[in-house]
Amino acid sequence: MLLGKIFETRVGSDEFCCEPQHKPHVIKKISFITGGVGSGKSSLAETIAEELIRKKDRFQILWIDSSLCIGNSIKWRTQAGRMLLREEDARKRGELCSARPVVDSVMENLCMFQRHYPQVHDFLVPGAGRGIDEMEVWNKLVEKGVVSYRMIFVECTEQQTREGIRRRIEQGILREDQGEQELERRLQEYDEKTLPMLKYMRENHKPLLKETSRSKKAKDRVIDTIDHMDVPAEV
């Protein structure tokens, strides 16, 4: 069973309560995986997790999508969840949520899992780190010694984005008539949010930005990088 599924069925259930202000005893090492629709963020996270789980104890690494974190926080009715609930309509349209509650949501999910499985120190979070505002919040947590992170950027062509939108239509997530509008919005978001965030990371020498593709060689290189992420990165 994949760790992401374990998290969803065990920690994501109503029997758990969350303490958003919980102070972690071990600094969390987080790898954000960002890119456009259809870039393969979740697939890359799953591949990396499976490879590292084979190399280490099975509960040493977890991957959890940022959208699942948001859904859990809303279900738990935490402060971050209540704030995100007010942005639910915008989120369903695929727009970016406010940075602070998104970061709080991811952190309270990771804290929750680490409380129940303290041997987990490494986390893969596809879908997080999607704008400068969000990364500035994460950098403040780095300065406080709460987390260390690195960014993995998955390259994505316009054709891959189109294929990702088509899959969402086939899965019933989007209506056929929403497809073209969603495509234009995603491409605009990529130009206005993702590319400036990548420029910000490079110009400010933020922790170990890795640009990759979906090739096996690229995945192996990312896996090796994460496997040797042993100390907090300085910001």
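Computed from a prediction, not measured in an experiment: that's the story for all the values here. Numbering of residues starts from 1 in every chain and runs along the sequence as written. Local features in this predicted model are restricted to residues whose pLDDT is 70 or higher, and side-chain atom pairs enter the listing and the counts only when it is 80 or higher, whereas totals over whole chains, interfaces and linings include all residues. Remark: hydrogens and water are excluded; side-chain values derive from all non-hydrogen atoms of the structure.

The helix count covers DSSP runs of H or I at least four residues long, the strand count covers runs of E at least two residues long, and both are numbered beginning at the N terminus. When you go through the chain residue by residue, the secondary structure sums to 10 helices and 5 strands. When contacts within the chain are restricted to residue pairs at least 6 apart in sequence, long-range pairs at least 24 apart make up 79% of them. Element-wise, carbon and sulfur atoms account for 47% of the exposed surface of the chain, whose accessible area totals about 12,100 Å². Here a residue-residue contact requires only that any non-hydrogen atoms of the pair lie within 4.5 Å. For the accessible areas, the method is Shrake-Rupley and the probe is 1.4 Å, while residue cover comes only from the protein chains on display.

With respect to the helices, strands and loops of the structure, Glu-163 is situated in helix H8 (residues 158-170). Only protein chains enter the calculation, and the probe is 1.4 Å; a residue is then buried if its accessible area is under 20% of its type maximum, exposed if over 50%, and partly exposed in between. On the basis of relative accessibility, which here comes to 37%, the residue Glu-163 falls in the partly exposed class. Placed 126 residues apart in sequence, Glu-163 and Val-37 show a C-alpha to C-alpha distance of 8.3 Å.

By this rule, a helix spans an expected 1.5 Å times one less than how many residues it contains. For helix H9 (residues 179-203), which comprises 25 residues, the first-to-last C-alpha distance of 35 Å matches the rise-based estimate of 36 Å (1.5 Å per residue) to within 8%. Of all the residues in H9, the buried ones are Gly-179, Glu-182, Leu-183, Arg-185, Arg-186, Glu-189, Tyr-190, Thr-194, Met-197, Leu-198, Tyr-200 and Met-201. Where H9 is buried, its residues meet strand E1 (28-34), helix H7 (132-143), strand E4 (147-154) and H8. Looking one or two places after H9, you find His-205, whose phi comes out positive at around 50 degrees.

At a minimum axis distance of 8 Å, the contact between helix H6 (residues 99-116) and H7 shows a crossing angle of 50 degrees. Taken together, the axes of H6 and H7 are oblique relative to one another. As for how H6 packs across H7, the hand of that crossing is right-handed. Touching Ala-99, Arg-100, Val-102, Val-103, Val-106 and Met-107 of H6 are Asp-133, Glu-134, Val-137, Trp-138 and Leu-141, all from H7. Working convention: axes come from line fits to C-alpha atoms, limited for helices to the stretch in contact. Angles between N-to-C directions cover 0 to 180 degrees. With respect to orientation, any angle under 35 degrees is reported as roughly parallel, any angle over 145 as roughly antiparallel, any angle of 65 to 115 as roughly perpendicular, and every other angle as oblique. Helix crossings fall into two classes, left-handed where the near helix is turned counterclockwise from the far one by less than a right angle and right-handed where it is turned clockwise.

With that settled, consider the pairing of E1. Across the 7 residues that make up E1, a large majority, 7, are buried. Along E1, one buried face is formed by Lys-28, Ile-30, Phe-32 and Thr-34 and the opposite face, lined by Lys-29, Ser-31 and Ile-33, is buried too. Across 7 bridges, E1 lies against E4 in parallel orientation. In the sheet register, Ile-30 faces E4, and the bridge partner there is Tyr-149. Pairs of strands are assigned from DSSP output, requiring at least two bridges between the strands. The sheet contact formed by E1 and strand E3 (residues 122-126) spans 5 bridges and is parallel. Following the sheet pairing, Ser-31 is matched in E3 by Leu-124.

Glancing now at the confidence of the model for the chain. Averaged over all residues, the pLDDT of the chain is 77; the fraction at 70 or higher stands at 80%. pLDDT expresses how confident the predictor is about each individual residue, on a scale running from 0 to 100. Mean pLDDT across the elements of the chain bottoms out in helix H1 (residues 3-11) (39) and peaks in helix H4 (residues 79-85) (94). Throughout residues 1-25 the model reports pLDDT below 50, and contacts reaching past four residues in sequence, or to other chains, amount to 55 contacts. A low-confidence stretch, residues 231-235 stays under pLDDT 50, and its non-local contacts, those more than four residues away or across chains, total 11 contacts.

Right, let's talk about the nonpolar core for a bit. We call a set of buried Ala, Val, Leu, Ile, Met, Phe, Trp, Tyr and Cys residues a nonpolar core when their side-chain atoms join them within 4.5 Å. Of all hydrophobic cores here, the largest spans 32 residues; its most connected members are Ile-30, Phe-32, Met-107, Met-135, Trp-138, Val-147 and Tyr-149. Among the elements of the structure, E1, H6, E3, H7, E4 and H9 are those that each provide at least two residues to this core. No other element matches H6, which puts 7 residues into this core. If you look at the next biggest cluster of nonpolar residues, it comprises 14 residues, including Ile-33, Ile-48, Leu-52 and Ile-223.

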